[in-house]
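Residue strings, one per chain:
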Amino acid sequence: MTGTPDRPEVNTVWVNDTGRTPEQDAVLSVLLRSAHALAVIDLPTLVILGATDALTARLGWPGGALDGQPLGALFPDHARDGALAAAQRFAQSGQPFPARHDLRRGDGQTVTADLTALRLTLSGDRPALLLALHAPALPTDPAADPAADPAADPAAARAAFLEDVLHNLPVDVAVFDAQGRYLYVNPVAIRDPAVRAGAIGLTHREYSEWRGHPAHRTALRDHHFQLARQGEAQQWEEYFQTPAGHRIIRRAMWPVTADDGQVRLVIGYGSDVTVPDDQARRMTLLETMVTTSVDPLLVMDARPGPSYQTVVYGNPALHAFLRSHGLERIPDTPLPEWPLADWNRRAILEMLNLLRPTDRYRGLLHLPDAHQWVEVNASSIRDGDTCTHWAINLRDVTEAHQAAQAQSHMARANRLALSGRPLHESMEALLEGVDFMNPGWRAALVMATPTGMQVVGTVSAQFARRVESEPLLTMQRFWQQIDPDGRGEPFTVPDLLDTTLNDTAAQDMAPHLGVRTMTQLPLYGRAGQLLGVLVAAHPEPHRWAAPVVEALRPRVPTAAMLVEQHLQQRRLALLAFTDPLTGLMNRVTLAEHLDLQLRAAAERDRRLAFGLMDLDRFKFLNDGYGHPAGDQLLRQLAARLDAVCAAHGVPVLARMGGDEFALVLDAGGVPALTDALSEVFDTPFEISAGGGTGSVLLQASLGWSVYPDTAADASELHQQADAAMYTAKRRQEFSQVFEAAPRTGLQTLTLETALRESLRREDFTLVFQPQIGVQDGRLMGAEALLRWTHPALGPVPPDQFIPVAELAGLIAPLGRWVLDTACHEAARWPDGTLSVSVNVSSVQLAGPHFAAQVRAALSSSGLNPGRLVLEVTETGLIDNPARTRELLQALRDDGVRISIDDFGTGYSSLVSVRTLPVDELKIDRAFIQDLGQDTQAGRESRAIISASVLMAHALDITVVAEGVETQAQAAQLAQVGCDVAQGWLYSPGLAARDFLEWQTRWPARPPATEP
């Protein structure tokens, strides 16, 4: 029992029922080689690990037959339950195992024998029972002489057992009497035979004094011996320092009692459980890592019973985590019963229900009441096949989750903005989640607009009313004082009812905002201008604002971009849709409103009037008084017209350009409005020129067209109103309503007959007008233009034969011929990158086989679909918008490009173009003809084209200008960023052969400049 700690370590380990480890075989081999009748039993399972040949022979069992059998196999039925119960008591509490038992022989007979029971502790703290058979275990023979068999003497048998078995065990064993004197010590406990012999008969204390052991070790052993003598099994560890390092010996004392219950002997064991230094270092490092981890770590009991789901360990980070939830220590109750907020407890319970012993768990735990997100990683700790505990690692990922949510909200806000949604929808998406993560706070945008401050979002109705009633100068002056360098730092007011601000207006406004705590983050534009502020407000004073500031801060750049984009769009819209001189609608806006009015008239079956009016001899006024005077007169006229239209309920009044104005109203109101408009010119106009002022009387001409009386669409309304206006001028009348002049049947019939004949003879030809890159002078492609020369009629202009072809149903075969011919000619061009543009009528688009015809033309010619551009008229887009959009998108998916021809003269606007599958816009020549002139019309045309180019490029749409005839026009187009141009400046339409030759002669030229 007092063996030196430097003996070799015995590392006996437990084995399962599939076999023994080498270490265990070392112990069992000693026992099973003994000449004594011995059996070794595993106490937890009461399974026989092995029996000596002497025992199986005495009981009449074949050799090895008892190995692996339950302990009950040694006992007959009437004694089995009592013997098993005694073994269990011996295993659990050390109660003495009865000395005399009835045993069952291999042949089934019952014999009586004396047994000695000793407890052994195998490696891994696995308890085992050693049974020694002493009395004869043969069938009773009255004539037998017990003295003839040494085993028949129990005392001699026990002595032999101690000498033979314990002496050879590879474990530290000692036997003491009830007074603590050594009765036996095996060589493993004390190696020196002289010392071993000298220890016999000495007590613990006497032996320790003899050997010079430390007094504290002697006292510790004596303490445990006294408890063992009282019948209590003991176990403890002793630490030794040796030249090879520290050693740890685990000691155990087991009392052996007689039949009267008195302790007669105490058996002591010792085993070296020293952890190797490297393993100790690893354990120290592991403990340090767990203790210092910033992540909360815990171990949770997974065994069924009252301790199920209790936390048996938590590192310091877990304690800090629990304190943030109001817990000062780890509760000793199961985790679902902890005093946590209700929704947090529910979330934890849902997470615990997902744990599976066979799988590693990883998930995100949301604690709603704490507005916290925690990443959970859980691994099972197993004992064999049983999960006994869960090792759980927690990581607070709230900030990362909030950042990811903020990124998601910013991305959604950007998508909404790019799709053209209103600013308030984009801001709502951007600020989503701020109030959820910061209860009680409400976030909004206060935007700086040209007309004042505007609140986007909901703080409170009182807040919005008070802020929007304040001039923009208040916000600008306030932030100039607070943030003069434009650094964008937040500004927080803990209590608006108890604060002092440097700005008087802001100080006066603060108590009337309906909130108490407010924080603001300024938004600056690319030029450093103040765009507005992001505001977060709370109804209670002195609220902690840092979390909401951190939630808003990453949203500031996106908010600034959205506001700047919104303001830019408003400026572009004002420029693109409003006449800058008069403030009335411009030509683009008129087209959109006329489209809406026509749709409404068609749906409600009502008549709609369209009027065009221009001033008579206005050119003479401009030439005589100068353009500034003309501009003054036009502004005065616009104001008068606006007043008259408002009085008569006219929904649309626009300036078309120059001195031309347009009106749209119900046809029934034309007579009264005409009289009122005529009276406008009875009063002189006041103008300033040459340093003086004067009065001018002018007259105007007004032409009307009526839908559906004479016009079927916007284009016809324009043409007819224009014709009526010039009729009024010729007749020197103020107003004229268009009256259709019927075409003679002979004219129509002659042209239609000629068309049919020419289709059969293929009298038609194509000419190709080059399209040139405005910025680099590079040849981009050509537009295929249809020409017809009849043998008898001669050349017939397209504007004469195309309408007849449409009425006669000939436009489909004619258009198919143009498409096939253009594709085949383009396929012959040496430059495989040039595109060919082909005009498509609305009749062709309405045909059921148009897409198949396009694909057939491409296939037969071998032309790459990306080189074909289909030019669609605006009328063609609205005849059947849903089907047309689907058809064009299908062709676009094939690679074909789509262009809107004569853009700006009909129904379409950039607002409607945004929803169409369009790659290209062709600006009508009517907008090009005034470019480069120092006139109001020239400036207006440039502004309109510039706005169209900007918005088209924002939609990734190419802009083509047609009808370019002068270098000045080309230079203006280059300055506003137009992409492609065509017209007589570069070349007229060329026959196919001539265009091939022209390609070789056209070099890339530098961008156009002002002449």
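Residues numbered from 1 in each chain as written. Predicted model: local features only at pLDDT ≥ 70, side-chain atom pairs only at ≥ 80, totals over all residues. Heavy atoms only, no water.

**Points about the packing of aromatic side chains**
Here comes step 1: A full pass over the atoms with the stated rule returns 18 aromatic pairs.
Here comes step 2: By way of ring pairs, the aromatic residues Phe768, Trp829, Tyr986, Phe995, Trp998 and Trp1002 are connected into one cluster.
Here comes step 3: If you follow Arg211 out to its NZ or CZ, it ends over the ring of Trp210, 5.4 Å from the centre.
Here comes step 4: Over the aromatic face of Phe685 sits the side chain of Arg640, whose NZ or CZ is 3.9 Å from the ring centroid. (Phe/Tyr/Trp six-rings, centres within 6.5 Å; stacked < 30°, edge-to-face > 60°. Lys NZ or Arg CZ within 6 Å of the ring centre and 35° of its normal.)

**Points about the sheet that holds strand β21 (residues 608-615)**
Strands in a sheet are paired, the pairing made by backbone hydrogen bonds, and the direction either parallel or antiparallel.
Here comes step 1: Read from one edge of the open sheet, five strands run β22-β23-β21-β26-β27, paired in mixed fashion. Single-partner strands in this sheet number two, and they are β22 (652-657) and β27 (735-737). With direction set aside, neighbouring strand axes in the sheet form an average angle of 20°.
Here comes step 2: Where β21 lies against strand β23 (residues 660-666), seven bridges are found, and the strand directions are antiparallel. What sits directly across from Gly611, in β23, is Leu663.
Here comes step 3: This element, helix α21 (residues 627-647), spans β21, β22 and β23 of the sheet and lies at about 5° to β23. (Pairing = 2+ DSSP bridges. Helix = DSSP H or I, 4+ residues; strand = E, 2+ residues; numbered from the N terminus. Axes fitted to C-alpha atoms, helices over the stretch in contact; angles between N-to-C directions. Contact = heavy atoms within 4.5 Å.)

**A look at the sheet that holds strand β6 (residues 172-177)**
Here comes step 1: The strand order across the open sheet formed by five strands is β7-β6-β10-β9-β8, and the pairing between neighbours is antiparallel. Two strands bound the open sheet, and with one partner strand each, they are β7 (182-185) and β8 (234-242). Averaged over neighbouring strand pairs, the angle between their axes works out to 20° when direction is ignored.
Here comes step 2: Pairing geometry for strand β9 (residues 245-257) and strand β10 (residues 263-272), over nine bridges, is antiparallel. Bridge assignment links Ala252 to a residue of β10, and that residue is Tyr269.
Here comes step 3: On the sheet, helix α7 (residues 215-229) packs against β6, β8, β9 and β10 and is oriented at approximately 165° with respect to β8.

**Quick notes on the side chain of Gln982**
Here comes step 1: In this structure, Gln982 sits in strand β36 (residues 980-982).
Here comes step 2: A distance of 2.8 Å separates polar atoms of two side chains, one belonging to Gln982 and the other to Gln771.
Here comes step 3: In contact with Gln982, not counting residues within four places along its chain, are Gln769, Pro770, Gln771, Glu783, Lys922, Val960, Ala961, Glu962, Gly963 and Val964. (Polar contact = N/O pair within 3.5 Å; in protein donor to acceptor, adjacent residues only side chain to side chain.)

**A word on the confidence of the model for the protein**
Here comes step 1: When the pLDDT values of the protein are averaged, the result is 83; 88% of them are 70 or greater.
Here comes step 2: The model gives residues 1-24 a pLDDT under 50, and that stretch makes 72 contacts with residues more than four places away or in other chains.
Here comes step 3: Across residues 137-152, confidence stays below pLDDT 50; counting only partners more than four residues off in sequence or on other chains, it has 20 contacts. (pLDDT = per-residue confidence, 0-100.)

**Overview of the packing of helix α11 (residues 398-418) against helix α12 (residues 423-431)**
Here comes step 1: Look at α11 against α12: their axes get within 7 Å of each other, and the N-to-C directions meet at 170°. Regarding the angle of α11 to α12, the classification is roughly antiparallel. When α11 is examined against α12, the residues His409, Met410, Arg412, Ala413, Leu416 and Ala417 are found in contact with a partner set consisting of Glu425, Ser426, Ala429 and Leu430.
Here comes step 2: By residue class, the composition of the contact of α11 with α12 is six nonpolar, two polar and two charged. (Parallel < 35°, antiparallel > 145°, perpendicular 65-115°, else oblique. Nonpolar A, V, L, I, M, F, W, Y, C, P; charged D, E, K, R; others polar.)

**Digging into a nonpolar patch on the surface**
Here comes step 1: On the surface, Met283, Leu286 and Met289 cluster together to form a nonpolar patch covering roughly 310 Å² of accessible area.
Here comes step 2: The residue Met289 is located in helix α8 (residues 277-292) in this model. (Patch = residues over 30% accessible without salt bridge, like charges linked within 9 Å, V, L, I, M, F, W, Y side chains within 5 Å. Areas by Shrake-Rupley, 256 points an atom, 1.4 Å probe, with all protein chains shown as cover. Salt bridge = Lys/Arg side-chain N within 4 Å of Asp/Glu carboxyl O.)

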